[in-house]
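Structural characterization, general
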Amino acid sequence: MLIFQSIQETQSACAQLRGEGRVLGFVPTMGALHEGHLSLVRAARAECDVVAVSIFVNPTQFGPNEDYAKYPRTLEQDCGLLEREGVHLVFAPTADEMYPEGASTFVLVEGVSERLDGASRPGHFRGVATVVSKLFHIVCPHKAYFGQKDAAQVAVLRKMVRDLNFPVQLVVCPTVREADGLAMSSRNRYLSPEERRQALVLSRSLKRVEEMVEQGERAAHRLIAAAREVFAEEPSVRVDYISVVDPDTLREVSEVSTGTLVALAAFVGGTRLIDNTILRT
Ligand code: PAF
């Protein structure tokens, strides 16, 4: 497995692979890999000839009071996992390599970037869109793989790819969950055992919403109220948002139908976790 820090080496290795006619799959990550990331790698392996993975904790997508400094960095362990998955190339640049002194160009997907997590984390999606554009220019993948768990990120990147004509196909893979329902996240490792238990309220409230929809409920406000009732069972968990939205625009809807996104974020102790479900009616 090739491991590069430099943009130039990565760019030329990826160009060579494409030049040989191989279909190149790409999984962008911030490392601290778990089964969710590995499911993206496996999907890419199944559909592409070669797979590149980036590992980069992107400073521009973190707010000033967020967890950039303490975000887990486990490069050696991550590379071991990726090698076992048959990944061809890992791109693990430094922050200076990605953002050299004086870099001042950003990508902003207006509108959609200000909704859901974008409303709670101003500037977050500008950082995500900027780094993913740079990574797409460096790797030039045919297909890029993202997790449904980051539903708002998916909406932002879909729009960016369309608006800026990136010649890449986005593939969105299902959220991977622990046996008890908790959505896998690199941030789960911040949770104490008690917080880990409390965190189950996120998936439990989404289950409740799904059940109500199955029983015929279509009114978004009643679904949100029911989800909030489930959260009331864990008073120390603070809801950031619970939203029922169109999955592409992230605009709120009043009536749900097949494809409607129910997304939520909550603080469990100091850890902000997200989860969502796509409804079927
Ligand atoms: O989903 C993530 O891990 C990050 O937002 C991404 C897409 C790797 C960009 O830094």
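Look up: the structure comes first, before these words.
Since the model is a prediction, treat every value here as computed from it, not as a measurement.

**Let's talk about the nonpolar core**
- The biggest cluster of nonpolar side chains holds 47 residues, and the ones touching the most others in it are Met 98, Phe 136 and Met 160.
- With nine residues, helix H6 (residues 124–139) is the largest single contributor of residues to this core.
- The residues touching Met 160, leaving out its near neighbours within four places in the chain, are Val 107, Val 109, Ala 129, Val 132, Ser 133, Phe 136, Asn 165 and Phe 166.
- The next biggest cluster of nonpolar side chains, apart from the first, holds 27 residues, and it includes Met 212, Ala 220, Val 256 and Leu 273.

**Quick notes on the state of the cysteines**
- Under the criterion given, the structure shown has zero disulfides.
- Cysteine Cys 48 is unpaired, with the sulfur of Cys 173 as its nearest cysteine sulfur at 10 Å.

**Things to note about the site of the ligand**
- The local shell around the ligand consists of Pro 28, Thr 29, Met 30, Asn 58, Gln 61, Val 131, Val 132, Phe 146, Asp 150 and Gln 153.
- Measuring from an oxygen atom of the ligand, one finds a side-chain N or O atom of Gln 153 at 2.6 Å.
- Contributing elements (two or more residues each) for the shell around the ligand: strand E2 (24–29) and H6.
- Here the residues of the shell around the ligand are counted per class, giving five nonpolar, four polar and one charged.

**Here's the deal with the packing of H6 against helix H7 (residues 151–163)**
- Contact geometry of H6 with H7 gives a least axis separation of 10 Å together with a crossing angle of 50°. One finds that H6 runs oblique with respect to H7. Crossing handedness for the pair H6 and H7: right-handed. Of H7, the residues touching H6 (which contributes Phe 125, Val 128, Ala 129, Val 132, Ser 133 and Phe 136) are Ala 152, Gln 153, Val 156, Leu 157, Met 160 and Val 161.
- Classifying every residue of the contact of H6 with H7 gives ten nonpolar, two polar and no charged.

**Remarks on the packing of aromatic side chains**
- With the rule as written, the count across this model stands at five aromatic pairs.
- Ring geometry for Phe 56 versus Tyr 99: centroids 6.3 Å apart, planes at 40°, classification tilted. With Phe 56 in the loop between strand E3 (50–55) and helix H3 (75–84) and Tyr 99 in the loop between helix H4 (95–98) and helix H5 (117–120), this pair connects stretches of sequence that are 43 residues apart.
- Under the relative-accessibility criterion, Tyr 99 is labelled buried at 16%.
- Relative to Phe 166, the ring of Phe 136 lies with its centre 5.6 Å away and its plane at 70°, an arrangement referred to as edge-to-face. In this pair, Phe 136 is assigned in helix H6 and Phe 166 in the loop between H7 and strand E6 (169–173), connecting sequence segments 30 residues apart. Judged on exposure class, the residue Phe 136 and its partner Phe 166 are both buried.
- Among the aromatic residues, those joined into a cluster by ring pairs are Phe 26, Phe 136 and Phe 166.
- Arg 73 extends its terminal NZ or CZ atom over the ring of Tyr 68, reaching a point 4.8 Å from the ring centre.
- Here the basic side chain of Arg 126 rests over the ring of Phe 106, its NZ or CZ set 3.7 Å away from the ring centre.

**Quick look at the pairing of strand E7 (residues 237–245)**
- The buried count for E7 comes to seven of nine residues, which makes it a mostly enclosed element.
- For E7 and strand E8 (residues 261–268), the ladder comprises eight bridges, and the chain directions are antiparallel. Of the residues in E8, the one forming a bridge with Val 239 is Ala 266.

Thresholds applied
- Throughout this document, residue positions are counted from 1 along each chain, in the order its sequence is written.
- Where totals are concerned, whole chains, interfaces and linings use all residues; where local detail is concerned, this predicted model gives features only for residues with pLDDT of at least 70, and gives and counts side-chain atom pairs only at 80 or more.
- Side-chain descriptors were evaluated using all non-hydrogen atoms of the structure, hydrogens and water having been removed beforehand.
- Nonpolar cores were defined as sets of buried Ala, Val, Leu, Ile, Met, Phe, Trp, Tyr and Cys residues, with membership established by side-chain atoms within 4.5 Å.
- The cut-offs for exposure are 20% and 50% of the maximum accessible area for each residue type, with area from a 1.4 Å probe on protein chains only; residues under the lower value are buried, those over the upper are exposed, and the others partly exposed.
- Counting from the N terminus, the helices are the DSSP runs of H or I reaching at least four residues and the strands are the DSSP runs of E reaching at least two.
- Note on contacts: a residue pair qualifies if any of its non-hydrogen atoms lie within 4.5 Å across the two residues.
- The rule for a disulfide is simple: a pair of cysteine sulfur atoms within 2.5 Å.
- The cutoff for a nearby residue is simple: one of its non-hydrogen atoms must lie within 4 Å of the molecule or strand.
- Polar contact is the term for a pair of N or O atoms within 3.5 Å; when the atoms are in protein, one must be able to donate a hydrogen and the other to accept it, and sequence-neighboring residues count only if both atoms are side-chain atoms.
- Each residue gets one label: Ala, Val, Leu, Ile, Met, Phe, Trp, Tyr, Cys and Pro are nonpolar, Asp, Glu, Lys and Arg are charged, and the others, such as Gly, are polar.
- Between N-to-C directions, angles span 0 to 180 degrees; the directions come from axes that are lines fitted to C-alpha atoms, helices contributing only their stretch in contact.
- Should an angle fall under 35 degrees it is taken as roughly parallel, and over 145 as roughly antiparallel, whereas 65 to 115 is taken as roughly perpendicular and any remaining angle as oblique.
- Crossing handedness follows the turn of the near helix against the far one: under a right angle anticlockwise gives a left-handed crossing, and clockwise gives a right-handed one.
- The rule is short: rings of Phe, Tyr and Trp, with Trp giving its six-membered ring, pair when the centres are within 6.5 Å, and they are stacked under 30 degrees, edge-to-face over 60, tilted in between.
- Charge over a ring is defined by NZ of Lys or CZ of Arg lying within 6 Å of the ring centre and within 35 degrees of the ring normal.
- In short, DSSP must find at least two bridges between two strands for them to pair.

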